[in-house]
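# Fold and contact review
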There are 2 protein chains.
Amino acid sequence: MNIGEAAKASGVSAKMIRHYESVGLLPPASRTEAGYRQYGEKDLRTLQFIRRSRDLGFSIEEIRSLVSLWQDRTRPSRQVKALAKQHLDFLDRKLAELQSMKHALAHLVSCCHGDERPDCPILEGLAGKES
Amino acid sequence: MNIGEAAKASGVSAKMIRHYESVGLLPPASRTEAGYRQYGEKDLRTLQFIRRSRDLGFSIEEIRSLVSLWQDRTRPSRQVKALAKQHLDFLDRKLAELQSMKHALAHLVSCCHGDERPDCPILEGLAGKES
DNA sequence: CTTGACCTTCCCATGGTTGGAAGGTCCATC
DNA sequence: GATGGACCTTCCAACCATGGGAAGGTCAAG
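On a predicted model such as this, the values are computed, not experimentally measured, just so you know. (Residues numbered from 1 in each chain as written. Chains lettered and ligands numbered in written order. Predicted model: local features only at pLDDT ≥ 70, side-chain atom pairs only at ≥ 80, totals over all residues. Heavy atoms only, no water.)

## Re the interface of chain A and chain B
- Listed as interface residues are 51 residues of chain A and, on the opposing side, 51 residues of chain B.
- Taken as a group, L105, L123 and L126 of chain A account for 15% of the area that chain A buries against chain B, more than any other trio of residues on that side.
- One can count four salt bridges joining chain A with chain B.
- Between E116 of chain B and R78 of chain A there is a salt bridge, with the nearest N and O atoms lying 2.8 Å from each other.
- Linking chain A with chain B are 18 residue pairs in polar contact (both at pLDDT 80 or more).
- When contributions to the side of chain A that touches chain B are tallied by element, the ones reaching two or more residues are α3 (41–55), α4 (60–71), α5 (77–111) and α6 (121–127) of chain A.
- No other element matches the 21 residues that α5 of chain A contributes to the side of chain A that touches chain B.
- Its residues assigned to classes, the side of chain A that touches chain B shows 26 nonpolar, eleven polar and 14 charged. (Contact = heavy atoms within 4.5 Å. Buried area = accessible area lost by both parts, 1.4 Å probe. Salt bridge = Lys/Arg side-chain N within 4 Å of Asp/Glu carboxyl O. Polar contact = N/O pair within 3.5 Å; in protein donor to acceptor, adjacent residues only side chain to side chain. Helix = DSSP H or I, 4+ residues; strand = E, 2+ residues; numbered from the N terminus. Nonpolar A, V, L, I, M, F, W, Y, C, P; charged D, E, K, R; others polar.)

This is the structure we're talking about:
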């Protein structure tokens, strides 16, 4: 299976597959005589694992850990759960940050007439006037 | 006022002040004979405007527009509101994305015992098994 | 005059991803 | 057997916002 097919089948772009290999997240793929990378079922499962991890927002380094835990059939699930919880906390912090941005901006927007007149509570708020 | 003082007073780092100037978000600061950048009250207000905009998550390009709207005392507030609403939509999309990550991950985490045993629904979920 | 805290410009790094250039390979069609 | 298009290879650069650090100049206090 060429890299393009592996990309389609896994949902990871060919560009990123090469990148993941270059940073050691994936083992070097075997090559044809012409130098084309070849992928099999096992590689595909790893690629899908990586894609799902990225879909949940894990960083490359976290995924590196996840993959190695995944491949160690004797790891305690405690370790995986700890890693996942840590990421959950990260997501919560990000969410809180975005929520507070959203609320502050929504407030300003709700104060603005949005018509032809130049008075604008949004700009006034950004300029520092207490709304 | 030197760049360091302006940085402290505005909450924008000296590094970023120089960067904003280099990308044209700020007009070139006046200089002392020795080449030190000098800032006055007006510059400070602009810096604070920029910092508040960044705190709300606006991009540099959006802030460029906001600043120019701010400095045009005859702009219709409609334009500002449109820009703000567009960013609000962006924030909503980001929030939804993070929420769905959070919920999916929280589900997996809640399924995992997190003890010494190797069975781990989190890894199984990432590997693609339906949970 | 020295010292330390500031300032200057310049280049590099981050993280995840994409784009493109320049060149090689594979396969089907003429 | 040549041609063309779709694939592959590597390498380099960009995005965004920010920070780190080097090498060197300046300022003010002791």
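## A look at the protein's contact with DNA strand C
- Neighbouring residues of DNA strand C: 19 residues in total, closest K15, Y36 and I60 of chain A together with G4 and R18 of chain B.
- Close to the protein, within 4 Å, the atoms of DNA strand C belong to sugar or phosphate groups at a rate of 66%.
- Within the side chain of R54 of chain A, one N or O atom sits 3.0 Å away from a phosphate oxygen of DNA strand C.
- Within the side chain of R18 of chain B, an N or O atom sits 2.7 Å from a phosphate oxygen of DNA strand C.
- For the surface near DNA strand C, the secondary-structure elements that each account for two or more residues are α2 (14–22) of chain A together with α1 (3–10) and α2 (14–22) of chain B.
- Among the residues forming the surface near DNA strand C, the class breakdown is seven nonpolar, six polar and six charged. (Near = heavy atom within 4 Å.)

## Let's talk about the packing of aromatic side chains
All names here are of chain A.
- Scanning the model with the defined rule gives two aromatic pairs over all chains in all.
- Measuring from ring centre to ring centre gives 4.3 Å for F49 and W70, while their planes differ by 15°; the resulting arrangement is stacked. Here F49, found in helix α3, pairs with W70, found in helix α4; they are 21 residues apart in sequence, far enough to count as distant. (Phe/Tyr/Trp six-rings, centres within 6.5 Å; stacked < 30°, edge-to-face > 60°.)

## Describing the protein's contact with DNA strand D
- Around DNA strand D lies a shell of 19 residues, among which G4 and R18 of chain A together with K15, Y36 and I60 of chain B are the nearest.
- In the interface set of DNA strand D, defined as its atoms within 4 Å of the protein, sugar plus phosphate atoms amount to 67%.
- One nitrogen or oxygen atom from the side chain of Y36 of chain B is found 2.5 Å from a base nitrogen belonging to DNA strand D.
- Broken down by element, the surface near DNA strand D gets its largest block of residues, four residues, from α2 of chain B.
- Here the surface near DNA strand D is built from residues that sort into seven nonpolar, six polar and six charged.

## What to know about the environment of I3 of chain A
- Of note, I3 of chain A is situated in helix α1 (residues 3–10).
- Leave out the neighbours within four places in its chain, and I3 of chain A touches A14, I17, R18, R37 and Y39 of chain A.

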